[in-house]
Amino acid sequence: MSLKKLLKEKGYKRIKLNITKTNHLELVAKINNIEGNFILDTGASSTCVGMEAVEHFQLLAEDSDIKAAGAGATNMLTQIAQKNKIEIKGWKKKKVDLVLFDLRHVNEALINHEAEKVHGIIGADILRKGKAIIDYKNKSLYLK
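Worth saying up front: this structure is predicted, and the values here are computed from it rather than measured. (Residues numbered from 1 in each chain as written. Predicted model: local features only at pLDDT ≥ 70, side-chain atom pairs only at ≥ 80, totals over all residues. Heavy atoms only, no water.)

Participant: Could you clarify how one ought to interpret the nonpolar core in this entry?
Facilitator: Leu27, Val49, Leu59, Ile88 and Ile122 are the most contacted members of the largest nonpolar core, which has 26 residues in total. Ranked by size, the runner-up nonpolar core spans 11 residues in total, among them Ile39, Val106, Ala115 and Ile121. (Core = buried A, V, L, I, M, F, W, Y, C linked by side-chain atoms within 4.5 Å. Buried < 20%, exposed > 50% of the residue type's maximum accessible area, 1.4 Å probe, protein only.)

Participant: Explain the pattern of salt bridges to me, please; I cannot follow it from the model alone.
Facilitator: Between side chains of opposite charge, a pair can form when the charged atoms approach closely. Tallied over the full model, the rule gives 2 salt bridges. With a shortest N-O distance of 3.8 Å, Glu114 and Lys21 are connected by a salt bridge. Of this pair, Glu114 sits in the loop between α2 (104–112) and β9 (120–122) while Lys21 sits in the loop between β2 (18–19) and β3 (25–31), and the two are 93 residues apart along the sequence. A residue is classified by how much of its surface remains accessible, and Glu114, at 62% relative accessible area, is exposed. Judged by relative accessible area, Lys21 falls into the exposed class, the value being 62%. Here Asp102 ties to Arg104 by a salt bridge, and the two come within 2.7 Å at their closest N and O atoms. Judged by relative accessible area, which is 53%, Arg104 ranks as exposed. (Salt bridge = Lys/Arg side-chain N within 4 Å of Asp/Glu carboxyl O. Helix = DSSP H or I, 4+ residues; strand = E, 2+ residues; numbered from the N terminus.)

Participant: So what exactly am I meant to see when it comes to the sheet that holds strand β11 (residues 140–143) here?
Facilitator: To summarise the sheet geometry, strands pair through backbone hydrogen bonds and adopt either a parallel or an antiparallel arrangement. Read from one edge to the other, the open sheet built from 3 strands follows the order β1-β11-β10, with strand pairing classed as antiparallel. Each edge of the open sheet is held by one strand with a lone partner, namely β1 (13–16) and β10 (133–135). Each strand of the sheet is rotated relative to its neighbour by a mean of 25°, with strand direction disregarded. Pairing analysis gives 3 bridges linking β10 to β11, with the strands arranged antiparallel. Residue Asp135 lies in a different strand from β11, and its bridge partner there is Ser140. (Pairing = 2+ DSSP bridges. Axes fitted to C-alpha atoms, helices over the stretch in contact; angles between N-to-C directions.)

Structure follows, in structure tokens:
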């Protein structure tokens, strides 16, 4: 039996992943019913949205004490948007808190490598909630 068939029987949703020119895994997700492009990042503890996408997703930003650190940047100021709905190809979660921070450095790096800009990052919080399984060979993410 194939992995795809086995996981479907176990109630998982299959999400097709794209591999960017920067070798990142990318997917489309909806936040509050609004579509956006996201990088899948197993090393990111929280799902994040760029400050420049706050209006796009109609998020309510609040100040946060959390300092973000990421590829080449530390101590970045963040905000938080609480109780949002996220949907990835039919898999849904409500009451999701999103960390908001400046993603310009990420998008500049993507553009420099001729890759598409992203609205945010799907992190380990969502991957844990969805009991995620990543199938690199078939470029698929499975969420339950």
